[in-house]
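# Close look at the chain arrangement
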Amino acid sequence: MVALALAVLAATLFAVPAVAAEEKVLHVYNWSEYVPQSVLDRFTKETGIKVVYTTYESNEAMYAKIKLLKGVGYDVVVPSTYFISMLRDDGLLARIDKSKLKNFKNLSPKVLNQPFDPGNEYSVPYMWGSAGLMVNRKVVDPASITSWNDLNRPEFAGKVILSDDQRDSMGVALKALGYSVNSTNEAEIKAAYEWLKKLLPAVRVFDVTASKQAFISEEVAAGLIWNGDAYIAASENENLAYVYPREGVPLWVDSLAIPLGAKHKDNALKFIDFLLRPDVAKECVEEYNYSTPNVGAQKILSPELAKSRITSPSDADLKNAEFTNSVGNALEIYEKYWEMLKTGS
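Residues numbered from 1 in each chain as written. Predicted model: local features only at pLDDT ≥ 70, side-chain atom pairs only at ≥ 80, totals over all residues. Heavy atoms only, no water.

Before going further, it helps to spend a moment on the sheet that holds strand β3 (residues 76-77). To summarise the sheet geometry, strands pair through backbone hydrogen bonds and adopt either a parallel or an antiparallel arrangement. Here we have three strands laid out as an open sheet, ordered β2-β1-β3, and parallel in their pairing. Bordering the open sheet on either side are β2 (50-56) and β3, each of which pairs with just one other strand. Across seven bridges, the pairing between strand β1 (residues 25-31) and β2 is parallel. Bridging across to β2, W31 finds its partner in Y56. (Pairing = 2+ DSSP bridges. Helix = DSSP H or I, 4+ residues; strand = E, 2+ residues; numbered from the N terminus.)

Excluding glycine, a negative phi dihedral is what most residues carry, and trans is how most peptide bonds are arranged. Notably, E33 is not glycine yet its phi reads approximately 55 degrees, a positive angle. Tracing the sequence through the fold places E33 in the loop between β1 and α2 (37-47).

Residues L26, V124, Y126, V135 and L275 are the most contacted members of the largest nonpolar core, which totals 112 residues. For this core, the element with the most residues is strand β4 (residues 124-136), which contributes eight residues. Not counting residues within four places of it along the chain, the set of residues in contact with L26 comprises F43, I49, K50, V51, V52, D75, V76, H264, N267, A268 and F271. (Core = buried A, V, L, I, M, F, W, Y, C linked by side-chain atoms within 4.5 Å. Buried < 20%, exposed > 50% of the residue type's maximum accessible area, 1.4 Å probe, protein only. Contact = heavy atoms within 4.5 Å.)

The contact between helix α5 (residues 166-176) and helix α13 (residues 331-343) brings their axes to 11 Å, and the two run at 90 degrees. When the interaxial angle is binned, α5 and α13 end up roughly perpendicular. Here Q166, R167, S169, M170 and L174 of α5 lie close against α13, whose contacting residues are L331, Y334, E335, Y337 and W338. Across the contact of α5 with α13, the residue classes break down as six nonpolar, two polar and two charged. (Axes fitted to C-alpha atoms, helices over the stretch in contact; angles between N-to-C directions. Parallel < 35°, antiparallel > 145°, perpendicular 65-115°, else oblique. Nonpolar A, V, L, I, M, F, W, Y, C, P; charged D, E, K, R; others polar.)

Alternating residues of strand β8 (residues 240-243) divide into L240 and Y242 and A241 and V243, and every residue in both groups is buried. Pairing of β4 with β8 involves four bridges; the strand directions are antiparallel. Bridge pairing links L133 to V243 in β8.

What follows covers the layout of surface pockets. Of the voids in this model, the largest pocket is the one considered here, and its volume is about 770 Å³. Taken together, 30 residues form the lining of the largest pocket, with W31, V208, W226, D229 and Y290 sitting closest to its centre. Across the lining of the largest pocket, the residue classes break down as eleven nonpolar, eight polar and eleven charged. By volume, the second largest pocket amounts to about 320 Å³. The wall of the second largest pocket is formed by 18 residues, among which S108, K110, W128, T292 and P313 lie closest to the centre. Tallied by class, the residues present in the lining of the second largest pocket amount to eight nonpolar, eight polar and two charged. (1 Å grid on protein atoms, 1.4 Å probe; cavity = no way out; pocket = protein on both sides within 12 Å on 5 of 7 lines; lining within 4 Å. Points joined across faces, edges and corners; volume = space filled by probe spheres on them.)

Within this structure, the stated rule accounts for two cavities of 30 Å³ or more. Of the pockets and cavities examined, the largest cavity occupies roughly 70 Å³. Around the largest cavity sit 13 residues that line it, and P125, Y126, L275, A281 and P293 are the ones nearest its centre. Contributions of two or more residues to the lining of the largest cavity are made by β4 and α10 (278-288). Considering the residues around the second largest cavity, the lining is formed by S163, D207, V208, S211, L224, I225, W226 and D229.

So, about the pattern of salt bridges. Applying the stated criterion to the full structure yields 18 salt bridges. In this structure, D90 engages K67 in a salt bridge whose closest nitrogen and oxygen atoms are separated by 3.9 Å. Within this pair, whereas D90 is found in the loop between α4 (83-89) and β4, its partner K67 is found in helix α3 (residues 59-68), the two being separated by 23 residues in sequence. E219 is the salt-bridge partner of R204, the closest N and O atoms lying 3.2 Å from each other. Taken as a pair, R204 in strand β6 (residues 203-206) and E219 in the loop between α7 (211-216) and β7 (222-226) lie far apart in primary sequence, 15 residues in all. On the basis of relative accessibility, which here comes to 48%, the residue R204 falls in the partly exposed class. In this structure E219 comes out as partly exposed when scored by relative accessible area, which is 36%. (Salt bridge = Lys/Arg side-chain N within 4 Å of Asp/Glu carboxyl O.)

Scored by pLDDT, the protein has a mean of 92; 94% of the residues are at 70 or more. In this model, residues 1-20 is a region of pLDDT below 50 whose contacts with residues beyond four sequence positions or in other chains number zero contacts. (pLDDT = per-residue confidence, 0-100.)

Before going further, it helps to examine α3. Within α3, burial applies to N59, M62, Y63 and I66. An end-on view of α3 places all buried positions within 95 degrees of arc, on one side of the element. Tucked into the core, α3 has its buried residues touching β1, β2, β3 and α4. Count one or two residues on from α3 and you reach K70, which has phi positive near 55 degrees. (Arc of directions from axis to C-beta.)

Right, dumping it as structure tokens:
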């Protein structure tokens, strides 16, 4: 009897790790409406892994929560550009084992190896795009709009929209002045603030979530908008046109990353690799209309998206464009002038 009891105890003890290793669950923390439910369902059907999907509305909210939880509680998170480097520098991200990503080869070199994550040690591009200038043809001829400085035209008075994202709007002002969107020079950042302050009387609203609705309803006639929102807006209102100003546009990339405290890292890698399949990436892009970093997906996109300069820009469109990267301690300078702008001081 004693021998039998010991055998049962041993079997139980050794069974616990096996059960834990085979837990079929994945906790994803992502932007709202950023992975189609059909894609999540396909992943679960193919792998048996249940996806628990939680959302956030801003990088700042995501960053604060991951930092508060010390990287525990989520298996996949989707930060934008320099938030990858911020999370990495805080020791909150796990290295990506690319040997387990057979579909990593599908990614375009144009979006890989960015300054915020050299060698993509901690992140894998999911979608990317631009923050460009949209105008209404009822108000101006889009062909006459060539510069960010055109936002100051009298036709747009009181009908300009800017992003409530400080790096996007400050980045546009920096570009308008011929500077880098990643400037760390206080004199240049101050000049960008003054450019925005001069434009302020023409600004109807600062918004980051409802810009496309504002354009579609013609509440605004010109301003800053992400390219995915621009594509949807132009599809619903034929008077709208997306412009790449000659000074260049800020670029962004949303990347898949694994928090250091993730409990299901293998499941996370399976999910990331699944999203890198061309057919899956295509489905995601055709649902949300941003640009895909996936070369295989780009080849099989619908003709409308493949031909659109909004979602499939040419090299000429992206001349002088820059990815928004970390500015280190200079972020405090941005925050100071952004607060001054928003408070009217």
